[in-house]
Amino acid sequence: MSDTNVWVLGGYQSDFARNLTREGRDFADLTREVVDGTLAAAGLGGDAIEVVHVANAFGQLFAGQGQLGAMPATVREDLWGLPSSRHEAACASGSIAVLSAMADLRAGSYDSALVVGVELEKTVSGDDAARHLGAAAWAGHEGEDASFMWPYMFDKVADEYDRRYGLDDAHLRAIAQLNFANGRRNPLAQTRGWDVPDLAGPAGSDDATNPVVEGRVRRFDCSQITDGGAGVVLVNDAYLRAHPDARPIARIDGWGHRTVGLGLERKLEIAADQPYVLPHLRQAVLDAFGRARVTLDDLDGLETHDCFTPSEYVAIDHIGLTGPGESWKAIENGDIAPGGVLPINPSGGLIGGGHPVGASGVRMLLDASKQVSGTAGAYQVEGATTFGTLNFGGSTATTVSLVVGAVPA
């Protein structure tokens, strides 16, 4: 056993269907639930944790609350005095917190880490929420004519696909249909009880049933405004040697992290003559595969960032499931459905499962860990031993990919 392995000891996710503001709950209540649940799942008290990493993107905007790195110690005094920090990278905040904890553990600075992602988004109206979320774009430089920033931006991504390769909107509707169906099997998914129309039929393009939000992006192409949190306890090899009774549920075998500029237009300009629409995203995936010493054929499934259906469309070809611009083939062939070549978002993803922005990267890691430990319940991918994640913030300005493996027998 080397000293560079990072293990998932346990984790917790809140119910993403809840409205915590209506319940009269705030960041302290959410953080307490997630921290307590995560530590309980790992079988630890706070005194076993050496460092804390908190992911949150928009606390000041949605709730007027900053300094969230101090919130775990606020709600649990057995975490008092531990080093703790908050990480913000828009929708990739959770993955950045995970990478920061991994760096601590791999360096040997600490042997155990608590990673928590929390976000409150139902504190304001939907229109105000959209404006707050727009802060992750290049403020004052892009999207100035957009009613809703992020549907507008990912409509631009879809337009670039259409320009280069052609794009049938029916394939976007199929992604949405699948992720809502997957979410119905997840007892923590925000939309598990929703009545979603048949998006493959006329309802998918009906302006009353599935209204246009921006461009070709319609209501059911969009991820959710969500309150929620997720957490994991990560440990290194030294911790396992010192605690031989510890039973991790997964190992993080590889990671990739790439960051480019904020502006979407510049991203598309730089990549205009390249086969991939967003090549830095492809590079992050290949970095993760390389570090894990796997290929796509080794993956049993993927939790990816479907903030909008075009973002999952991007993921399909950028992970290599199809050639560039050919994501539609995997959709039509059923390759991304349960039982397919590579099931994508069996949890429901962001569209079906929910998207508390700062928590999504942590939630993806937790779901991947459930899959490789055979504990995902009704949305388990049979026989899964290797799972990937792909999480990005803004218009893929920050992109993180992980490869998660089963614990060796």
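Residues numbered from 1 in each chain as written. Predicted model: local features only at pLDDT ≥ 70, side-chain atom pairs only at ≥ 80, totals over all residues. Heavy atoms only, no water.

This part takes up the pairing of strand β1 (residues 6-13). Counted residue by residue, β1 has seven buried out of eight residues, so it is predominantly covered. Pairing of β1 with strand β7 (residues 228-236), which is carried by seven bridges, proceeds in the antiparallel orientation. Across the sheet, the residue bridging to glycine 10 is valine 233, located in β7. Pairing of β1 with strand β8 (residues 250-259) involves three bridges; the strand directions are antiparallel. From the neighbouring strand, valine 8 faces β8, where its bridge partner is alanine 250. (Buried < 20%, exposed > 50% of the residue type's maximum accessible area, 1.4 Å probe, protein only. Helix = DSSP H or I, 4+ residues; strand = E, 2+ residues; numbered from the N terminus. Pairing = 2+ DSSP bridges.)

This paragraph deals with helix α10 (residues 279-292). If you check α10, its first and last C-alpha atoms are 20 Å apart, about what 14 residues at 1.5 Å a residue would give, namely 20 Å. Those residues of α10 lying buried are Pro279, His280, Leu281, Arg282, Ala284, Val285, Ala288, Phe289 and Ala292. Close packing links the buried residues of α10 with β8, α9 (264-270), α11 (309-318), β10 (386-393) and β11 (398-405). (Expected span 1.5 Å × (residues − 1). Contact = heavy atoms within 4.5 Å.)

All right, on to the environment of histidine 355 then. Checked against the element boundaries, histidine 355 lands in the loop between α13 (349-353) and α14 (360-372). On a C-alpha basis, the gap between histidine 355 and leucine 188 in space is 12 Å, while along the polypeptide they are 167 residues apart. Only 2.6 Å separates the side chain of histidine 355 from the side chain of serine 360, close enough to count as a polar contact. (Polar contact = N/O pair within 3.5 Å; in protein donor to acceptor, adjacent residues only side chain to side chain.)

With five of its five residues buried, strand β2 (residues 51-55) lies for the most part within the structure. Across the two faces of β2 the burial is the same, with Val51, His53 and Ala55 and Val52 and Val54 all buried. In this sheet, strand β4 (residues 112-119) lies alongside β2 in parallel orientation, the contact comprising five bridges. Looking at β4, one finds that valine 54 is bridged to valine 116.

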